[in-house]
Amino acid sequence: MRSTSASDLLCPSAQPDMGGSRLFAVVSGTVEQPLAAYLAKALQVTPQLLAMTGPVEPTEIFRFAAPCARQACVHFDGTYCQLAKRVAQYMPAVVDRLPACPIRSRCRWFREQGGVACKACPAIVTKDYRAVPLTTGVALGKDPLAQGRSG
Amino acid sequence: MEEKRLASQITVAEFAEVTFAAILRALEGRKVPRGPIIFGIIYTPEGLGERFGVEGSPAKRA
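These remarks concern the structure in this document. (Residues numbered from 1 in each chain as written. Chains lettered and ligands numbered in written order. Predicted model: local features only at pLDDT ≥ 70, side-chain atom pairs only at ≥ 80, totals over all residues.)

## Concerning the overall build of chain B
Part 1 of the argument: The number of helices and strands found in chain B is three helices and two strands.
Part 2 of the argument: Reading chain B from its N end, one meets helices and strands in the order β-α-β-α-α.
Part 3 of the argument: Looking at the 62 residues of chain B, the share that counts as buried comes to 16%. (Helix = DSSP H or I, 4+ residues; strand = E, 2+ residues; numbered from the N terminus. Buried ≥ 20, exposed ≤ 12 C-beta atoms within 10 Å, placed from the backbone.)

## Quick word on the overall build of chain A
Part 1 of the argument: If you tally the helices and strands in chain A, you get seven helices and five strands.
Part 2 of the argument: Along chain A, from the amino end to the carboxyl end, the secondary structure elements read β-β-β-α-α-β-α-α-α-β-α-α.
Part 3 of the argument: Taking 15 Å as the expected radius of gyration for a compact globule of 151 residues, we find that chain A reaches 15 Å, a close match to that expectation.
Part 4 of the argument: Dimensions of chain A along its principal axes, counting C-alpha atoms only, are 40 × 40 × 30 Å. (Rg over C-alpha atoms; globule rule 2.2 N^0.38 Å.)

## Examining the nonpolar core
Part 1 of the argument: Judged by nonpolar contacts, the single largest core of 52 residues is most densely connected at A:F24, A:V26, A:A36, A:A65, A:V87 and A:A117.
Part 2 of the argument: No other element matches the six residues that strand 3 (residues 34-44) of chain A contributes to this core.
Part 3 of the argument: When sequence neighbours within four positions are dropped, the list of residues in contact with A:A36 reads A:A25, A:V26, A:V27, A:R63, A:C121, A:P122 and B:A7. (Core = buried A, V, L, I, M, F, W, Y, C linked by C-beta atoms within 7 Å. Contact = placed C-beta atoms within 7 Å.)

## So, helix 1 (residues 12-31) of chain B
Part 1 of the argument: Its 20 residues place the ends of helix 1 of chain B 30 Å apart at the C-alpha level, agreeing with the 28 Å of an ideal helix rising 1.5 Å per residue.
Part 2 of the argument: Within helix 1 of chain B the residues assigned to the buried category are B:V18, B:T19, B:A22, B:R25, B:A26 and B:G29.
Part 3 of the argument: Residues of helix 1 of chain B that are buried sit in contact with strand 2 (22-29), strand 3 and helix 2 (58-61) of chain A together with strand 1 (9-10) of chain B. (Expected span 1.5 Å × (residues − 1).)

## Some details on the interface of chain A and chain B
Part 1 of the argument: On the side of chain B, 35 residues touch chain A, which itself brings 48 residues to the contact.
Part 2 of the argument: For the side of chain A that touches chain B, the elements supplying multiple residues, two or more each, are strand 1 (10-14), strand 2, strand 3, helix 2, strand 5 (127-128) and helix 6 (133-140) of chain A.
Part 3 of the argument: By residue number, the principal contributor to the side of chain A that touches chain B is strand 3 of chain A, which donates seven residues.
Part 4 of the argument: Grouping the amino acids of the side of chain A that touches chain B by side-chain chemistry returns 31 nonpolar, 11 polar and six charged.
Part 5 of the argument: Alignment of strand 3 of chain A against strand 1 of chain B, held across two bridges, turns out to be parallel. What sits directly across from A:Y38, in strand 1 of chain B, is B:Q9. (Nonpolar A, V, L, I, M, F, W, Y, C, P; charged D, E, K, R; others polar. Pairing = 2+ DSSP bridges.)

## Observations concerning the pairing of strand 2 of chain A
Residues and elements named next belong to chain A.
Part 1 of the argument: Along strand 2, eight of the eight residues are buried, which leaves the element largely enclosed by surrounding structure.
Part 2 of the argument: Relative to strand 3, strand 2 runs antiparallel, the two being bridged by seven bridges. Bridging from a neighbouring strand, R22 pairs with Q44 of strand 3.
Part 3 of the argument: Following strand 2, the chain reverses through four residues before pairing antiparallel with strand 3.

## With respect to unusual backbone geometry
All names here are of chain A.
Part 1 of the argument: Phi at R70 takes a positive value of approximately 50 degrees, unusual for a residue other than glycine.
Part 2 of the argument: Mapping R70 onto the fold places it in the loop between strand 4 (62-67) and helix 3 (82-90).
Part 3 of the argument: Residue classification places R70 among the partly exposed residues on the basis of 17 C-beta atoms within 10 Å.

## A look at the sheet that holds strand 1 of chain B
Part 1 of the argument: Spatial strand order, 1(A)-4(A)-2(A)-3(A)-1(B): five strands in an open sheet with mixed pairing. Either end of the sheet is taken by a strand with one partner, and the two such strands are strand 1 of chain A together with strand 1 of chain B.
Part 2 of the argument: Pairing analysis gives four bridges linking strand 2 of chain A to strand 4 of chain A, with the strands arranged antiparallel. Considered in strand 4 of chain A, the bridge of A:V26 is made with A:F62.
Part 3 of the argument: Against the sheet, helix 1 of chain B makes contact with strand 2 and strand 3 of chain A together with strand 1 of chain B, and its axis sits at roughly 55 degrees relative to strand 2 of chain A, the strand it touches most. (Axes fitted to C-alpha atoms, helices over the stretch in contact; angles between N-to-C directions.)

Okay, structure coming up:
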């Protein structure tokens, strides 16, 4: 089995128009408690697939994985993904077992933070209109605990 | 005994149904929006320039 180098790692909260993007989960659940359902195999992004989302944007309901943008992304500190670190540090586990995720072997969040990130991952919505203050703090890199207190 | 919280795995056959439920959730979420926020890749200005060219953003490019 080929080992994954750091440059091959995937971001699990990517955009569909990024090169190499794959759809790996659908965020269902409820407005208050979104919960991703994972595909057995990640799908190639096609215009037909994106058109299925109809009145909402694909990133409101789908999760895409694409090669980590590294220095081109504000979350990358040169070595690690700080977003992954905040997810593991602040976001609560929403599942008790690791989801059966088709991208785990190449996921930067898992590589750097282990299963703690995976147990919080199903609650993440890439474009989120109803983000709670904690999620907003994690997403934007502000102190999530301060966000929680103010919101 | 406490029930285990599990993320589900879906088949291709279930994909359309789950997607439809997800669209309804997203529409419901838009009724009283707080955001939106983008959770994930946010390009640096340099990264945007590399990705979309010297003009810097898809909006400008269009």
